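Coordinate inspection notes
For reference, the chains in residue letters:
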Amino acid sequence: MKFELIEKKLSDIDADIEIVFVVDKNFDHKWVKDKDELDILNFKGESEEIAFLPHQKRVYVGVKNLDHDEIRIAAAKAIKTIKNKKYKSAKAGVYIQNCPVTNIKAFVEGAIFGEYEFDKFKSKKEKSKLEIIYIAKEDYSDKNFTTKNAKKSINEAIIVAEATNFVKDLVNTPPNEITPKALAKIAKDMAKEEDIECKILDEKDLEKENMGAFLAVAKASSNPPRLIHLSYKPKNPKAKIAIVGKGLTYDSGGLSLKPSDYMVTMKSDKSGACAVLGIIKAAKKLDIPVEIHAIAGAAENMIGGNAYKPDDILKAKNGKTIEVRNTDAEGRLVLADCLCYAQEKIKPDYILDLATLTGACVVALGEYTTGVMGHNDELKKSMLEAAKSSGELAGELPFNRYLPKLLESKIADICNISSSRYGGAITAALFLSEFIEEKNKDKWLHLDIAGPAYVEKEWGYNSFGAGGAGVRMVVKWLQKEFVFNKKHP
Ligand code: BES
Ligand code: ZN
Ligand code: ZN
């Protein structure tokens, strides 16, 4: 599906169908041409309400206001309604209130998300027939709404939305297809295509790097682990950033086996790793002036005679010893070593990690919201703002001085689970913090994407399954900090 900005009135553009937003129940707008019919259909123009009028060649969608999320959801609804019909082209106009350039961006993102479907394993595929969407740029006199700006917005929206859909495809792909090795191959192919550097570490390399925690998690699987390290190095970068992703291509829980109902969907435990691939891909395409290292720890958490066990004591890359009390708290073990690797090899100015780390985060914030944790209030605030303007939901979970004590071990430096059943998302983050060097504490941010990474129902403009969580938020943060910000000139 392509998008084309046309400098004509909406009514002068030739297309198979027209998408009309009814904003705040305003049926007097010039684009609302079928008032009587809409009345017969009892169409009220409520948010997310749809009226499909094939004879008039129009589809109407209600929006409460021009907030970006309203537009994204409405655009997705409209595209979902028309995508499996015989229409090849559609057109829509842009409303002038708020900021038309960002309205365009939200419209394009919503349309691309509305078209998304994961049908790779369906014998009968219902492919969308839509080839092109025309966006009418009527003669508005807003100085920011230049054709150049509008085209730039469309291009950015396409890059970010397609990178998000790329991540969704990976996360949705089943674990018998995406093993750690397969994920490494996907990363390598992507790196070649995007012209970025790629280094893959196999199990022998991980041993040389003393990654005892990562290796223990991977031990029982017949699919060996991989560490994926992609680097995007633009000229004169404004900063160096490491983004680490949890890549459990399957999490059975290990010997602390998950109950069957909780095991289903654990193919999504690779979402952090997939997100970092999507982020670096989008950053490269957007020419973000920052050196970015995407590091993914890919492994399978399985059972077997060779499995790591509750009671084992592991040694991480930084020399710290970890008492294992639950093999289902495996993500933090993989990340511990990957975070040490990132700090040692890259010496980054910022270090982010994305992980489907805890069910507790989903309990705390609900299934649509990412948990943001770290020691640096300013950094957390800036990520929360970026999330908001990107359309992703995020909320802070605060550290305090009492919680770290819950991770104390009698026989090792630290325990891999908390001694309390409460505050599990935060104690997991505090475990990770033990592997962040003192000088880097304020440079680090942890994003627990366990909720929005995979939701087993449609929500807003998101389809069933993977949501590509973290991609839009982190890309927006990179843009906010390093493209528009005076702090990093
Ligand atoms: N991958 C899970 C966390 C998870 C749960 C992600 C639900 C997405 C949806 C993680 O490895 C895990 O099992 N965590 C345990 C930690 C516990 C043993 C301290 C959990 O959340 O129950
Ligand atoms: Zn687990
Ligand atoms: Zn896990």
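Bear in mind that the values here come from a model prediction, so they are computed numbers and not experimental data.

Quick word on the site of ligand 1
Around ligand 1, 15 residues are found, and the nearest of them are Lys 258, Asp 269, Asp 328, Glu 330 and Gly 359. Lys 258 places a side-chain nitrogen or oxygen 2.8 Å from an oxygen atom of ligand 1. Contact distances for ligand 1 include 3.4 Å between a nitrogen atom and a backbone N or O atom of Thr 356.

Here's the deal with the coordination of the zinc ion (ligand 3)
Each angle at a metal carrying four tetrahedral donors should ideally be 109.5 degrees, and each at a metal carrying six octahedral donors should ideally be 90 or 180 degrees. Protein coordination at the zinc ion (ligand 3): the donors are Lys 246 (NZ), Asp 251 (OD), Asp 269 (OD) and Glu 330 (OE), at 2.0 to 2.4 Å from the metal. Of note is the zinc ion (ligand 3), whose six donor atoms meet at the metal with angles of 77 to 173° in an arrangement that counts as octahedral. Between consecutive donors of the zinc ion (ligand 3), the numbers of intervening residues give the motif K-x4-D-x17-D-x60-E.

Quick word on the state of the cysteines
Note: disulfide means a covalent bond formed between the sulfur atoms of two cysteine side chains. All told, the structure shown has zero disulfides when counted by the stated rule. Of all cysteine sulfurs in the structure, the one in Cys 274 sits closest to Cys 361, which takes part in no disulfide; the separation is 18 Å. According to the relative accessible area criterion, Cys 361 is buried, its value standing at 1%.

Some words on the side chain of Asn 103
Position of Asn 103 relative to the elements: it lies in helix α3 (residues 100-115). According to the relative accessible area criterion, Asn 103 is buried, its value standing at 4%. Residues within four places of Asn 103 in sequence aside, it is in contact with Leu 66, His 68, Ile 71, Val 94, Tyr 95, Gln 97 and Asn 98.

With respect to the sheet that holds strand β1 (residues 2-6)
Reading across from one edge, β1-β6-β5-β2-β4-β3 is the order of the six strands in this open sheet, with mixed pairing throughout. Edge strands, defined here as strands with exactly one partner in the open sheet, are β1 and β3 (50-53). Looking at each pair of strands side by side, their axes are set apart by 20° on average, direction ignored. Sheet topology places strand β2 (residues 17-23) next to strand β5 (residues 89-93); three bridges connect them, and they run parallel. Within β5, the position partnered with Glu 18 by the bridge is Lys 91.

With respect to the pattern of salt bridges
Under the counting rule described, the total for this entry stands at 38 salt bridges. Close ionic contact of Lys 152 with Glu 156 constitutes a salt bridge, the shortest N to O distance being 4.0 Å. Separated by four residues within a single helix, Lys 152 and Glu 156 lie in helix α4 (residues 147-172), roughly one turn from each other. Judged by its relative accessible area of 14%, Glu 156 is buried. Across the pair Lys 439 and Glu 437 runs a salt bridge, and its minimum N-O distance is 2.5 Å. Under the relative-accessibility criterion, Lys 439 is labelled exposed at 60%. One network of salt bridges, with partners in common, ties together Glu 18, Asp 34, Arg 58 and Lys 91.

Quick look at the nonpolar core
Core analysis: the largest hydrophobic core is formed by 58 residues, its most contacted members being Leu 230, Ile 243, Leu 354, Val 474, Trp 477 and Leu 478. Core analysis: the next-biggest nonpolar cluster, separate from the first, contains 57 residues, Ala 15, Phe 27, Ala 150 and Ile 154 among them.

As for the packing of aromatic side chains
Scanning the model with the defined rule gives twelve aromatic pairs in all. Considering the side-chain rings of Trp 477 and Phe 482, the 5.8 Å spacing of their centres and the 85° angle between planes classify their relative orientation as edge-to-face. Within the aromatic cluster, the residues linked to one another by ring pairs are Tyr 350, Trp 477 and Phe 482. The ring of Phe 145 carries the charged tip of Lys 137 above its face, separated from the ring centre by 5.1 Å. Over the aromatic face of Tyr 116 sits the side chain of Lys 168, whose NZ or CZ is 4.8 Å from the ring centroid.

A closer look at the domain arrangement of the protein chain
We note that the domain assignment places domain 1 (2-145) and domain 2 (165-482) within the protein chain. Using only C-alpha atoms to locate each centre, domain 1 and domain 2 end up separated by 36 Å. Across the contact, 13 residues belong to domain 1 and 17 residues belong to domain 2. With both sides pooled, the region where domain 1 packs onto domain 2 buries about 1,400 Å², and carbon together with sulfur makes up 53% of that total. When the buried surface of domain 1 facing domain 2 is broken down by residue, Phe 113, Tyr 116 and Phe 118 rank first, second and third, together holding 45% of it.

Section: the pairing of strand β10 (residues 291-301)
Counting buried positions along β10 yields eleven of eleven residues, so the element is predominantly enclosed. On β10, burial covers both faces: Glu 291, His 293, Ile 295, Gly 297, Ala 299 and Asn 301 on one face and Ile 292, Ala 294, Ala 296, Ala 298 and Glu 300 on the other are all buried. As defined by bridge partners, strand β8 (residues 226-232) adjoins β10 across seven bridges and the pair is classed as antiparallel. Each bridged residue has a counterpart across the sheet, and for Ser 231 the counterpart in β10 is His 293. As paired elements, strand β9 (residues 240-251) and β10 share eleven bridges and run parallel to each other.

Details of the sheet that holds strand β13 (residues 350-355)
Sheet architecture is open: eight strands sit in the order β7-β8-β10-β9-β13-β17-β14-β15, paired in mixed fashion. A single partner strand is all that each edge strand has here, and the edge strands are β7 (197-201) and β15 (393-396). The average undirected angle you get between the axes of adjacent strands in this sheet is 20°. As paired elements, strand β14 (residues 369-374) and β15 share four bridges and run parallel to each other. What sits directly across from Thr 369, in β15, is Leu 393. Against the sheet, helix α5 (residues 180-194) touches β7, β8, β9 and β10, its axis set at about 15° to β8. Along the sheet face, helix α10 (residues 331-346) touches β7, β8, β9, β10, β13 and β17 (444-448) and points at about 155° away from the line of β9.

Considering the pairing of β17
Two faces make up the sheet, and in a regular strand the side chains alternate between them. In terms of residue burial, β17 counts as a mostly covered element, since five of its five residues are buried. Here β17 shows two buried faces, one formed by Trp 444, His 446 and Asp 448 and the other by Leu 445 and Leu 447. Bridge analysis of β13 against β17 gives five bridges, and the strand direction is parallel. Bridge pairing in β17 places Asp 353 opposite His 446. Pairing of β14 with β17, which is carried by four bridges, proceeds in the antiparallel orientation. Bridge pairing in β17 places Gly 374 opposite Leu 445.

Conventions adopted
Residues numbered from 1 in each chain as written. Chains lettered and ligands numbered in written order. Predicted model: local features only at pLDDT ≥ 70, side-chain atom pairs only at ≥ 80, totals over all residues. Heavy atoms only, no water. Near = heavy atom within 4 Å. Polar contact = N/O pair within 3.5 Å; in protein donor to acceptor, adjacent residues only side chain to side chain. Donors = N, O, S within 2.8 Å, 3.2 Å for Na, K, Ca; no water. Tetrahedral: all angles 85-135°; square planar, octahedral: opposite > 155°, others 65-115°. Disulfide = S-S within 2.5 Å. Buried < 20%, exposed > 50% of the residue type's maximum accessible area, 1.4 Å probe, protein only. Helix = DSSP H or I, 4+ residues; strand = E, 2+ residues; numbered from the N terminus. Contact = heavy atoms within 4.5 Å. Pairing = 2+ DSSP bridges. Axes fitted to C-alpha atoms, helices over the stretch in contact; angles between N-to-C directions. Salt bridge = Lys/Arg side-chain N within 4 Å of Asp/Glu carboxyl O. Core = buried A, V, L, I, M, F, W, Y, C linked by side-chain atoms within 4.5 Å. Phe/Tyr/Trp six-rings, centres within 6.5 Å; stacked < 30°, edge-to-face > 60°. Lys NZ or Arg CZ within 6 Å of the ring centre and 35° of its normal. Domains from an automatic or database assignment. Buried area = accessible area lost by both parts, 1.4 Å probe.

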